[in-house]
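Residue-level structure breakdown
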Amino acid sequence: MRRTGATALRVLRQLRHDPRTVGLLLAVPCVLQVLVHELFDDRPRVFQSLGVPLLGLFPFVAMFIVTSITMLRERVSGTLERLLTTPLARFDLLAGYGLAFAVVAAAQATLVSLLSFGLLGLESGHSAASVVAMAIANAVLGMSLGLFASAFARTEFQAVQFMPAFVLPQILLCGLLVPREEMAGWLQAISAVLPLTYAYDALARLASDAPLGARFWFDVLVVVGVTVLALVLGAGTLRRRTP
Amino acid sequence: MSSAAISIRGLRVVRGAREVLHGIDLDVDAGMVTGLLGPSGSGKTTLMRCVVGAQVVAGGAVTVLDLPAGEPVLRERVGYQTQAPSVYADLSVLENLWYFAAILGVGRETIAEAISVVGLSGLERQLAGTLSGGELARLSLAAALLNAPDLLVLDEPTVGLDPVLRRDLWGTFHRLAERGATLLVSSHVMDEADRCDRLLLLRDGHLLASGTPEELRGRTGAADLDAAFLALVDEAGAGDA
């Protein structure tokens, strides 16, 4: 537990020395949300339907990128090899990363919520706090997928390309742009095995004023389950012995 | 405990399609500074990675402090400094050492001593990324010293350092050995060989010779260790033919 905390603190300290990244992490989602709001200025219903899901998906994308790059840097710089010769358990390392990025995601989601609900007039059927909580869960999902993806990148160029490769298809097919029922059957089938589909569905249910229902909790379960699965697979890629 | 801190028998390592260590047998005496010498590409780093349990081996046995290399309990007792400085460039000297102290499970009071041992006093608040190459290497060394491990495996710790600093660091290595630690230190500079209690000469994945500097000089009749190394290479070449 001590080592998990120390790792989280170390990751946050690294971020603190990089104010530009912190600024981008916090400012970009806000700017994008304002853009979406202005884009649909004369169609407020569109903003109402996009606002909550976007708020919850920004941290997913951001943490996916940040984690895959940071983890790749650990692999390339030799710090990972060093850490794996110390008593640090692989779980401590992964949990430390998860904890640190959950803190960042909480800050990010809180800021976008204050902006969206406070200034842009966004409304959701369920509490803003539950939207922020879902955003944090999505951030940790993004982190765990980014961590897993980083094992397949040898260079930072490759890691950056994983964003369009892993994330964009999920955003296209999750139901945000076209409702899933209107997709061709084979697209629906693909959509059904992508974790972001469930993250989006949960956010859409938080946005509507209908009761959440069992489907919402199933969505949450899938998001948490995939996070754990990706972390277990990711831990498998952190080999103490390498060829 | 036996007098050998590291005992290696028939060690073979294959990397890619190439065998880089071809059946190494050696012992590293406890409480000594042992130099692992050999030209670049001779297999020094691979051998050290085997000792710390980071290397997949194709055959043979590596015993470290009477346990198979890579045993979880050894992670508390073996310190490893990789050849490339493995510290966080975007953290300060102090923040790096805070983290490694927490990982190694030792208090922050160990940090001040490690910093003074490697001669980084006054640079505590500086970002590691802005240190010179030599300073970075010493920070990486300081991180390996924090928990006063029983065995220190140091991969070219003195490369790129000025002569005064190199002399000081070798002094530090011997002080650590006097306190009971075992040190395995690699170098590709033969003039560092005389600073070691024991020598292991590695070439093309074979152990060429081992012994004290005096023994190696005496065996070859050479005046200095550079000449002794050459004589041993010729001897091995004649043996092959």
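Residues numbered from 1 in each chain as written. Chains lettered and ligands numbered in written order. Predicted model: local features only at pLDDT ≥ 70, side-chain atom pairs only at ≥ 80, totals over all residues.

As for the overall build of chain B
Put simply, the rule is: Every helix listed is a DSSP run of H or I at least four residues long, and every strand listed is a run of E at least two residues long, numbered separately from the N terminus. Only C-alpha atoms enter the radius of gyration; for comparison, a globular chain is expected to reach 2.2 Å times N to the power 0.38, where N is the number of residues. Three exposure classes are used, based on other C-beta atoms lying within 10 Å of a residue's own C-beta, which is placed from the backbone: buried for 20 or more, exposed for 12 or fewer, and partly exposed in between. Here, residues touch in the contact sense if the C-beta positions derived from the backbone fall within 7 Å of one another.
A count of helical and extended segments in chain B gives seven helices and 10 strands. In terms of overall size, chain B behaves like a compact globule, its C-alpha atoms giving a radius of gyration of 18 Å where 241 residues would be expected to give roughly 18 Å. Overall, chain B is about 60 × 40 × 35 Å in size when its C-alpha atoms are taken along their principal axes. Expressed as a percentage of its 241 residues, the buried residues of chain B come to 45%. Look at the contacts in chain B between residues 6 or more apart in sequence, and 68% of them connect residues 24 or more apart.

Describing the interface of chain A and chain B
Applicable threshold: As a working rule, the residues Ala, Val, Leu, Ile, Met, Phe, Trp, Tyr, Cys and Pro are called nonpolar, Asp, Glu, Lys and Arg charged, and the rest polar, with Gly in that last group.
Across the contact, 23 residues belong to chain A and 24 residues belong to chain B. The set of elements that each furnish at least two residues to the side of chain A that touches chain B consists of helix H1 (2-16) and helix H4 (79-84) of chain A. The greatest single-element share of the side of chain A that touches chain B, amounting to six residues, is contributed by H1(A). In terms of residue class, the side of chain A that touches chain B is built from six nonpolar, eight polar and nine charged.

A word on the packing of H1(A) against helix H2 (residues 93-104) of chain B
To keep things clear, this is the line we draw: Helix axes are fitted to C-alpha atoms over the stretch in contact, other axes to C-alpha atoms as well, and angles between N-to-C directions run from 0 to 180 degrees. Roughly parallel refers to an angle under 35 degrees, roughly antiparallel to one over 145, roughly perpendicular to one between 65 and 115, and oblique to any angle outside these ranges. For any pair of crossing helices, the crossing counts as left-handed if the nearer helix is rotated counterclockwise from the farther one by less than a right angle, and right-handed if it is rotated clockwise.
Running from N to C, H1(A) and H2(B) point in directions that differ by 165 degrees, and their axes come no closer than 9 Å. On the basis of their axis angle, the class for H1(A) and H2(B) is roughly antiparallel. In terms of crossing hand, the pair formed by H1(A) and H2(B) is left-handed. For the pair H1(A) and H2(B), contact is made by Arg2(A), Arg3(A), Ala6(A), Arg10(A) and Arg13(A) and by Glu95(B), Tyr99(B), Ala102(B) and Ile103(B), respectively.

Examining the nonpolar core
Spelled out, the test is: Residues enter a nonpolar core if they are buried, belong to Ala, Val, Leu, Ile, Met, Phe, Trp, Tyr or Cys, and are joined to the set through C-beta atoms within 7 Å.
Counting residues in each nonpolar core, the largest one holds 138 residues, and the members touching the most others are Phe101(A), Val51(B), Ala142(B) and Val153(B). Excluding its chain neighbours within four sequence positions, the residues that come into contact with Ala142(B) are Leu97(B), Ala114(B), Ile115(B), Val118(B) and Leu120(B).

Concerning the sheet that holds strand S2 (residues 18-29) of chain B
All names here are of chain B. Our working definition: For two strands to count as paired, DSSP must find a minimum of two bridges between them.
Strand order across the open sheet formed by four strands is S2-S1-S4-S5, with antiparallel pairing between neighbours. The sheet is open, and its two borders are formed by S2 and strand S5 (67-68), each paired with just one other strand. Taken together, the five bridges between strand S1 (residues 4-15) and strand S4 (residues 59-64) define a ladder with antiparallel strand orientation. Across the sheet, Arg9 pairs through a bridge with Ala61, a residue of S4. Across the sheet, helix H1 (residues 44-51) lies against S1, S2 and S4, angled at about 120 degrees from S1, the strand it touches most.

Regarding the sheet that holds strand S9 (residues 198-203) of chain B
Residues and elements named next belong to chain B. Across the sheet, six strands lie side by side as S6-S7-S8-S3-S9-S10; this open sheet has mixed pairing. Lying at the two open borders of the sheet, with one neighbouring strand each, are strand S6 (78-81) and strand S10 (206-211). Pairs of neighbouring strands in the sheet enclose a mean axial angle of 15 degrees, with direction left out of account. Where S6 meets strand S7 (residues 151-154), four bridges bridge the pair, whose relative direction is parallel. Within the sheet, the bridge partner assigned to Val78 lies in S7 and is Leu151. Contacting strand S3 (33-37), S7 and strand S8 (182-187), helix H5 (residues 163-178) crosses the sheet at an angle of about 155 degrees to S8.

Details of helix H10 (residues 213-237) of chain A
Residues and elements named next belong to chain A. Which entries qualify depends on this criterion: To estimate how far a helix should reach, multiply one less than its number of residues by 1.5 Å.
Between the first and last C-alpha of H10 there are 37 Å, a value that for 25 residues agrees with the 36 Å anticipated at 1.5 Å per step. Here H10 has its buried residues at Phe216, Asp219, Val223, Thr227, Ala230, Leu231 and Gly234. For H10, the elements touching its buried residues are helix H5 (90-119), helix H6 (128-150) and helix H9 (195-207).

Let's talk about H9(A)
One full turn of an α-helix is made of 3.6 residues, so residues set three or four places apart face in the same direction. Residues and elements named next belong to chain A. Helix length check: H9, at 13 residues, gives a terminal C-alpha distance of 19 Å against a target of 18 Å (1.5 Å per residue), a fit within 8%. Within H9, 12 of the 13 residues are buried, which leaves it mostly tucked inside the rest of the structure. What H9 keeps buried is the set Pro195, Leu196, Thr197, Tyr198, Ala199, Tyr200, Asp201, Ala202, Leu203, Arg205, Leu206 and Ala207. Of the surrounding elements, those touching the buried residues of H9 are helix H3 (44-77), H6, helix H7 (156-173), helix H8 (185-192) and H10.

Overview of the confidence of the model for chain B
Stated formally: Every residue is assigned a pLDDT by the predictor, reflecting its confidence on a scale from 0 to 100.
Averaged over all residues, the pLDDT of chain B is 91; the fraction at 70 or higher stands at 98%. Quick note on the complex model: pTM equals 0.88, ipTM equals 0.87.

Some thoughts on the environment of Leu93(A)
Residues and elements named next belong to chain A. Along the chain, Leu93 falls in helix H5. In the structure, Leu93 is positioned 65 residues away from Gln158 in sequence and 23 Å away in space, judged by C-alpha atoms. With near-sequence residues (within four places) excluded, Leu93 lies in contact with Thr7, Leu83 and Leu88.

Examining the pairing of S1(B)
Residue and element names in this part refer to chain B. Sheet topology note: the S1/S2 ladder contains nine bridges and is antiparallel. By the bridge assignment for S2, Ser7 is matched with Asp27. Between the end of S1 and the start of S2, which pair antiparallel, lie two residues, with Gly16 showing a positive phi angle near 65 degrees.

Structural notes on unusual backbone geometry
Residue and element names in this part refer to chain B. A positive phi angle, near 45 degrees, is found at Ala148, a position not held by glycine. Among the structural elements, Ala148 can be located in the loop between helix H4 (133-145) and S7. A count of 17 C-beta atoms within 10 Å places Ala148 in the partly exposed class.

Topic: the packing of H6(A) against H10(A)
Residue and element names in this part refer to chain A. Two elements in contact, H6 and H10, have axes separated by 8 Å at closest approach and are oriented at 25 degrees. Classified by the interaxial angle, the pair formed by H6 and H10 is roughly parallel. As H6 runs across H10, the sense of the crossing is left-handed. Across the interface between the two elements, Ala137, Asn138, Val140, Leu141, Ser144, Leu145, Leu147 and Phe148 of H6 pack against Val223, Val224, Val226, Thr227, Ala230, Leu231, Leu233, Gly234 and Thr237 of H10.

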